[in-house]
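Structural characterization, general
Listed here are the chains, written in short residue letters.
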Amino acid sequence: MKPLVFTLSAIALSVSSSFFSPLAAATAAQSAQSAEQQAPTVPEWPQARYQNTPTVEDVLGYPAGARISSPAQISEYFQALAEAHPDQIKLFEYGETWQGRPLFYAAIGNAENIAKLNEIEAGMRQLADPRTITARQAQQLVESLPASVWIASSVHGNEISPAESSMVTAWHLLSSTDERTVSMLNNTIVYLDPLQNPDGRERFVSRYYATVGLEPAADRLSAEHNEPWPNGRTNHYLFDMNRDWIALTQPETQGRIAALLQTYPLIFIDSHEMGGDLSYYFTPEAHPYNPFITTEQRKGLNWVGENNALWFDTFGFDYFTREIFDAFYPGYGASWPLYHGSLSATYEMGSARGHHFRTREGEVLTYADGVQQNFVAFMATIETASQRRQDLLQRFYEYRQQGIDAGGRGAVRSYIFPNMRDIAGNRKLMALLSEQGIEVGQAQDNFRACGNRYSEGAYVVQASQPAYHLIRTLLDTNVPMDEEFLAEQERLRANNLPDQIYDVTAWSLPLMFNLDMDVCNQQPRVATTAVTDERIVAGSVINADAEFGYAVAWGDMNAGRLLTAALREGLLVRSADMAFTHASGREYPAGSLVIPRAGNPDNLTATLQKLAATTGATVEGLANSWMRDGPNVGSVNMKRMHAPNIALLWDQPTNVLSAGSTRFVIEREFNYPVTAIRSAQAASADLSHYQVLILPATTGAGYEQWLGERGRENIRQWVERGGVLITLGNATRFAVAGEQPLLSSSLEKKAQVSDLVPLAEQGRTDGVIIDNDDEHQRHIRNPNANPDWVSGIIARASVDQEHWLTAGIHEQLHAMFIGNDIYTPLRINHGRNVVNYKGADEVLASGYIWAENREQIAHKPVLMVQPHGRGMVVSFTQEPNFRAYLDGMHMLFMNSIFRSAAHATPLR
């Protein structure tokens, strides 16, 4: 990590620069002044004595907690603290947001510890790898190293008070001379990551002060408490970054994890806000716990929670624990550090979402209230680390050592990726594991293991390493939930009560990447080369001087990126609907690209060499156009690929996360531009400029209500003229709705297998005998219910490999199933169901699904295509871009855009 130096360009946007007019600025200033007059003094701490240190008011012009600080102002304040106390605080930049704002953290301690911070962090890295030190050296480190706490604030940009509390906490730690605080800093390095999501916060702050009136309103109906689409929760690409810790799609997450692997803090706190009617939540978490969280870690989390409770009692603050926010899914900020041996937890403050908020109890919660309560929680946690310093260090070391031991003697000793197909996907996953502190090797020779033969180039992840628990959590096909917990969920569901499953129940990275992987109870004996965090390895052009042109085998993202790059360069590219064999004997799968010299610029070779290097593709020269088998270049089955103009519906009613992840995948994975169009315009807009229109999933009112019949007809005519309409997830409801649906499928109700006696419309119903509880449960079911909601599983699907839409796609695919949308298959006279869930006995690949849902989704469509005039409708019944971590779906989504556009027949 490099020391942080702020530049004007990096922090160019401040709150004042976001105001729309001098009048708006004056109004906001009056509102801020009103809030300042009502704000209590922050922070409050017993027996505090302070030396001369710049306060928030000294630097920014308003008291702490009186105004919602912008990202630029937060950066400015920490810079002022670093200049005032260079011996006790150092700032480090760990990344940059999509919008160019710096991501930084502050390390705070006593002068002695800050002077030797590099040495301390090196000691933590030694302790994190017991293979590099003796037991005696480990004990010396345990006895000598300070504790460490990392407090990460406001990963959701509209969860505003934690970031402000970080400024207050930093000021208190640096200026307080009371014995308690001084003792904490003598024993502890405090890392403050004050603003995990500056882009989202800037969006919130600018809109808030553009909306607030003469004085802040406490009414929850006021405009300032109801953010427009998209709200400030997400980052620039509209990602919920608290779900990104295992996928590392966003630069904010990538940089943060790199910083944590340098520092290895013993306690990691992810500080959030929640609804203002709730009090304050802190650890311990709700059930279920991930099985790779140890008993000792759970005891440690209780230490944290119990000390927080003591301090909250001292101040008279309400709090609760255990009831919500479980620790099962590893992709949270409050979960991921656990699998490296730290303690990590979520803190949630009831949010004022502005200056004032009137709760349902009639009390007015202020922004300063949130700042103060977070400050107390932060200080209590730092005290826990200080008091438990040696215990925390010892348990951290033992966790890492236990991982090495477990990986060397258990039934799971290695994960082997043959790497015989999807070269790009394999490489990206291995780099992703490396970025998370997992050691990955690539075999330098052929080898045997667990009865199988593997070729040079296969990847091996040995389980016997310090990151064992994270390896098992990310790579195991299924991480099971506690049986008692699941039994309770079934009981709740049977009584029509909401279940307690908080997030997805499946996330196995090899399944989501749709890669081949073998789990082995041996440690393969083969020399390996360590894999770095390089996600794309440069490709090359083979036989560059070939006379006819070039071919690129289809089937992975290296080829996909080559296609989009070639189209953006204006190259003539053809794609085969069927597999073909060239005269040289080289076999190419369906979808493979042919780039002839004829019709392309004279510098074609140099251009392809440049593109191969950046995309990772292997481009092979063809001496001639003759094919031994399959379509020739001039065949109708060798489609010319066009560079489509892509429109994506944006703004209400689209789901923020669906719109964001879809745009991200197209722009950052496919490297291709997309135009966001506000949904309200689509009803009457001239769409003729676009060849592809994508409807993300929706929330609340769907497209049927938002676009209306006028919009439906506008889109229908555009499709019939040659447009490709792609619907994602519940946006497919729009395609099946109306008197003349665009897609001849329909949503299903819950399948009923009971023979219940129907209720009489008048008078009495025939009597029945109910013999037992099971029979009673059957009789109280709702016969008109929709399928029960599924929190999120990974499902197996079969791929129709005879259709052009699935060219280059493996015969088996893994897709997410979330929610309760199940669609009837298309009749063959209407279209094709090109990807379908497998049968009930096979469909569940990972996670937990209710038995009735498993039976009902069997053989139902994942992807349907139906022609209309010169165009077509392509419908995914589930999100192919969910959290942008379903890499195994990327090529199918790419086909739905580029191959569909090539198969549509507009007048070009």
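The structure reproduced in this document is the subject of the present report.

So, how was this worked out
- Residues numbered from 1 in each chain as written.
- Predicted model: local features only at pLDDT ≥ 70, side-chain atom pairs only at ≥ 80, totals over all residues.
- Heavy atoms only, no water.
- Disulfide = S-S within 2.5 Å.
- Helix = DSSP H or I, 4+ residues; strand = E, 2+ residues; numbered from the N terminus.
- Buried < 20%, exposed > 50% of the residue type's maximum accessible area, 1.4 Å probe, protein only.
- Pairing = 2+ DSSP bridges.
- Expected span 1.5 Å × (residues − 1).
- Bend = angle between axes of the 7 residues up to and from the residue.
- Phe/Tyr/Trp six-rings, centres within 6.5 Å; stacked < 30°, edge-to-face > 60°.
- Lys NZ or Arg CZ within 6 Å of the ring centre and 35° of its normal.

Digging into the state of the cysteines
On inspection of all chains with the given rule, the structure shows one disulfide. Put simply, Cys 450 and Cys 520 are joined by a disulfide, and their sulfur atoms are 1.9 Å apart. Looking along the S-S bond of the Cys 450-Cys 520 disulfide, the torsion reads about 90°, which is the right-handed sense. Taken as a pair, Cys 450 in the loop between strand E15 (447–449) and strand E16 (452–454) and Cys 520 in strand E18 (residues 518–520) lie far apart in primary sequence, 70 residues in all. We classify Cys 520 as buried; its relative accessible area is 2%.

What about the sheet that holds strand E23 (residues 580–582)?
Within the open sheet, the three strands sit side by side as E24-E23-E27. Their pairing is antiparallel. Only two strands of the sheet have a single partner each, and these edge strands are strand E24 (587–588) and strand E27 (627–629). Sheet topology places E23 next to E24; two bridges connect them, and they run antiparallel. In the strand pairing of E24, Phe 580 is matched with Tyr 588.

Section: helix H22 (residues 703–720)
In this model H22 runs just 19 Å from its N-terminal to its C-terminal C-alpha over 18 residues, more than 12% under the 26 Å that 1.5 Å per residue would give. Maximal helix bending in H22 amounts to about 75°, located at Glu 709. Phi turns positive one or two residues past the end of H22, at Gly 722, with a value near 125°.

Notes on helix H18 (residues 557–568)
The end-to-end C-alpha separation of H18 is 16 Å, in line with the 16 Å expected for twelve residues at 1.5 Å each. Of all twelve residues making up H18, eleven are buried, and the element is well covered by its neighbours. Taken residue by residue, H18 has Met 557, Asn 558, Ala 559, Gly 560, Arg 561, Leu 562, Leu 563, Thr 564, Ala 565, Ala 566 and Leu 567 as its buried positions. Count one or two residues on from H18 and you reach Gly 570, which has phi positive near 80°.

Some words on the packing of aromatic side chains
A complete count under the given rule lists 47 aromatic pairs for this structure. With a centroid separation of 5.1 Å and an interplanar angle of 80°, the aromatic rings of Trp 98 and Tyr 237 are classed as edge-to-face. Of this pair, Trp 98 sits in the loop between strand E2 (89–96) and strand E3 (102–108) while Tyr 237 sits in the loop between helix H9 (198–211) and helix H10 (251–263), placing them 139 residues apart in sequence. Take Trp 98: its relative accessible area is 28%, and that puts it in the partly exposed class. Overall, the relative accessible area of 3% leaves Tyr 237 in the buried class. Between Tyr 280 and Phe 312, the ring centres sit 5.0 Å apart and the planes meet at 65°, which makes this aromatic pair edge-to-face. Separated by 32 residues along the polypeptide, Tyr 280 in strand E7 (residues 280–281) and Phe 312 in helix H11 (residues 295–315) bring together distant segments of the chain. The same class applies to Tyr 280 as to Phe 312, namely buried. Here the aromatic cluster, defined as three or more aromatic residues joined through ring pairs, consists of Trp 45, Tyr 280, Phe 282, Trp 311, Phe 312, Phe 315, Phe 317, Tyr 319, Tyr 347 and Phe 375. Directly above the aromatic system of Trp 650 lies the positively charged group of Arg 663, at a separation of 4.9 Å from the ring centroid. The ring of Tyr 329 has Arg 883 lying over it, and the distance from NZ or CZ to the ring centre is 5.2 Å.

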